[in-house]
Amino acid sequence: AILLLTGIVITLFLLFCSARFRSSLATLAIGMTVLIGPAFFPMSKNSGLWNNINYLFPVRAVDFKKILGSYVSYRVGDWVIPYVEMVVLVYTAIGIAALISTRKGFVKVR
């Protein structure tokens, strides 16, 4: 389910980029940067915040070994959100925002 959600959100994000930018090359560059670029970002030994952000990129979110064996959690106020739930929340929010923004990009005001 997480892999399917991630794939749908990546598709919606690239559709959003296609609607907003005139150049296909810009969409391709942004897509490759978001998909492949974070694989080259190293995990920090000092910054927990950077590691928590880095875990949410698509390359790391679809790595089932990391998902099932990780002890990563996100603290929001008094709540502690497990890694899997945070991935679902973040990707759902990005997908909804991309879907709404894509419609605004394609629909022309007369």
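First things first, this report covers the structure right here in the doc. Along each chain, residues carry numbers from 1 onward, in the same order as the chain's sequence is written. Local features in a predicted model are, by the rule used here, given only for residues with pLDDT of at least 70; side-chain atom pairs are given and counted only at 80 or more, and totals for whole chains, interfaces and linings are based on all residues. Side-chain measures here rest on the full set of heavy atoms in the structure, leaving out hydrogens and waters.

### Some points on the pairing of strand β2 (residues 79-82)
Rule in force here: Whether two strands pair comes down to DSSP finding at least two bridges between them. Elements are defined by DSSP. Helices are runs of H or I of four residues or more, strands are runs of E of two residues or more, and each kind is numbered from the N terminus.
Bridging between strand β1 (residues 73-76) and β2 involves four bridges; their strand directions are antiparallel. By the bridge assignment for β2, S73 is matched with P82. Between β1 and the antiparallel strand that follows it, β2, lie two residues; G77 among them carries a positive phi value of about 65°.

### A short note on the packing of helix α1 (residues 2-20) against helix α2 (residues 24-35)
Going by this rule: Every axis in this analysis is a line fitted to C-alpha atoms, fitted for helices over the stretch in contact. Angles between the N-to-C directions lie between 0 and 180 degrees. Roughly parallel means an angle under 35 degrees; roughly antiparallel means over 145; roughly perpendicular covers 65 to 115; every other angle is labelled oblique. Definitions for this section: a left-handed crossing has its near helix turned counterclockwise from the far helix by less than a right angle. A right-handed crossing has that turn clockwise. Two residues form a contact once any of their heavy atoms are found within 4.5 Å. Residue type decides the class: Asp, Glu, Lys and Arg count as charged, Ala, Val, Leu, Ile, Met, Phe, Trp, Tyr, Cys and Pro as nonpolar, and the leftover types, Gly among them, as polar.
Packing of α1 against α2 leaves a shortest axis separation of 9 Å and a crossing angle of 150°. Between α1 and α2, the angle is such that the two are roughly antiparallel. The interaxial crossing formed by α1 with α2 has right-handed handedness. Together, I10, F13, L14, C17 and S18 of α1 and T27, I30, G31, V34 and L35 of α2 make up the contact between the two elements. Taken together, the residues of the contact of α1 with α2 break down into seven nonpolar, three polar and no charged.

### Describing the nonpolar core
Threshold: Only buried Ala, Val, Leu, Ile, Met, Phe, Trp, Tyr and Cys residues count toward a nonpolar core, and they belong to the same one when joined by side-chain atoms within 4.5 Å. Residue exposure (1.4 Å probe, protein chains only): buried if accessible area is under 20% of the type maximum, exposed if over 50%, otherwise partly exposed.
One finds I2, V9, Y55, L56, A61, V72, Y74, I81, Y83, M86, V87 and Y91 forming the largest nonpolar core, which totals twelve residues. Y91 has contacts with L5, T6, V9, L56, F57, P58 and A61, leaving out every residue within four places of it along the chain.

### Quick word on the layout of surface pockets
Applied cut-off: The pocket and cavity definitions rest on a 1 Å grid over protein atoms only: a 1.4 Å probe that fits but cannot leave marks a cavity, an open set with protein on both sides within 12 Å along at least five of seven lines marks a pocket, and residues lining either have an atom within 4 Å of a point. Grid points are joined across faces, edges and corners, and a volume is the space filled by probe spheres set on the points.
By volume, the largest pocket amounts to about 200 Å³. Within the residue set of the lining of the largest pocket, elements represented by two or more residues are α1, α2 and α6 (83-106). Taken together, the residues that form the lining of the largest pocket break down as twelve nonpolar, one polar and no charged.

### Quick word on α2
Counted only if it meets this: One less than the number of residues in a helix, times 1.5 Å, gives the span that helix is expected to have. For this analysis, a polar contact is any N or O atom pair within 3.5 Å, provided that within protein one partner can donate a hydrogen and the other can accept it, and provided that sequence-adjacent residues contribute only side-chain to side-chain pairs.
Its twelve residues give α2 an end-to-end C-alpha distance of 16 Å, which sits within 8% of 16 Å, the value for a rise of 1.5 Å per residue. Measuring from the backbone nitrogen of L25 back to the side-chain oxygen at the start of α2 gives 3.1 Å, which picks out S23 as the cap.

### Considerations on the side chain of T6
For T6, the location among the structural elements is in helix α1. Overall, the relative accessible area of 2% leaves T6 in the buried class. With residues up to four places along the chain from it excluded, the contact list for T6 reads P58, V62 and Y91.

In short, shape yes, function no, at least from these values alone.
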